[in-house]
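# Residue-level structure breakdown
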Amino acid sequence: MAAVVAAFVLIVAIGFLIWRANEAISPHGAETIAVLPFTAPADQSDLADGFAEEIVSRLSRNPKISPLGRNSARLIGDDPSRAIALGRELRVGHLLTGTLANRDERLSIVARLIRTSDGEPVWNKTYEG
């Protein structure tokens, strides 16, 4: 349940931040974002994949946001400098990266929204639940 609440808050925050920015606009006028696979311990990799998919699914419901397809986002990878360079090449305005971890039997979600034009983080949040 905590993961669902965190996902909802995360999506609202990302939507707001992207709605305010005007950097990489898709051909149909929406902001573009790539949701990179969240990193997690091996025993939670399925949860991390599902979490990223859920974020993409919910962001795609907003007509002002155009998330990059899941397979394309996977190509970007985990290396931040490579991700930013490829994000620019694919004309993605923002990258969403994150980490899932268990801390004292509680799920911890760390998420970062990075602007591809300059590689600067525009938002960072940790959810404990």
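This one's a predicted model, so the numbers in the text were calculated from it and none came from an experiment.

## Topic: the sheet that holds strand E4 (residues 106-115)
Strand order across the open sheet formed by five strands is E2-E1-E3-E4-E5, with mixed pairing between neighbours. On the outer flanks of this sheet lie strand E2 (65-67) and strand E5 (121-128), each paired with one strand and no other. Averaged over all adjacent pairs, the angle separating strand axes in this sheet is 20°, with direction ignored. Note: strand E1 (residues 31-35) against E2, three bridges, orientation parallel. Of the residues in E2, the one forming a bridge with Glu31 is Ile65.

## Remarks on the confidence of the model for the protein chain
Low pLDDT means the predicted atomic positions in that stretch should not be read closely. For the protein chain, per-residue confidence averages 77 on the pLDDT scale, and 67% of positions sit at 70 or higher. Across the protein chain, element-level confidence peaks in E5 with a mean pLDDT of 91 and bottoms out in helix H3 (residues 70-76) with 60.

## A look at helix H2 (residues 45-59)
If you check H2, its first and last C-alpha atoms are 21 Å apart, about what 15 residues at 1.5 Å a residue would give, namely 21 Å. Buried within H2 we find Ala48, Phe51, Ala52, Ile55, Val56 and Leu59. Looking down the long axis of H2, one finds its buried residues gathered within 135° of arc, a one-sided arrangement.

## Here's the deal with the pairing of E4
With respect to burial, E4 is a largely interior element, seven of its 10 residues being buried. Relative to E4, strand E3 (residues 94-103) is paired through 10 bridges, and the arrangement is antiparallel. Following the sheet pairing, His94 is matched in E4 by Arg115. Hairpin remark: E3 followed by E4, antiparallel, with two residues in the connecting loop; positive phi at Asp104, about 55°. Bridging between E4 and E5 involves seven bridges; their strand directions are antiparallel. Bridge assignment links Arg112 to a residue of E5, and that residue is Asn124. Hairpin connection of E4 to E5: five residues between the antiparallel strands, including Gly119 at a positive phi of 75°.

The rules we used
Residues numbered from 1 in each chain as written. Predicted model: local features only at pLDDT ≥ 70, side-chain atom pairs only at ≥ 80, totals over all residues. Heavy atoms only, no water. Pairing = 2+ DSSP bridges. Helix = DSSP H or I, 4+ residues; strand = E, 2+ residues; numbered from the N terminus. Axes fitted to C-alpha atoms, helices over the stretch in contact; angles between N-to-C directions. pLDDT = per-residue confidence, 0-100. Expected span 1.5 Å × (residues − 1). Buried < 20%, exposed > 50% of the residue type's maximum accessible area, 1.4 Å probe, protein only. Arc of directions from axis to C-beta.

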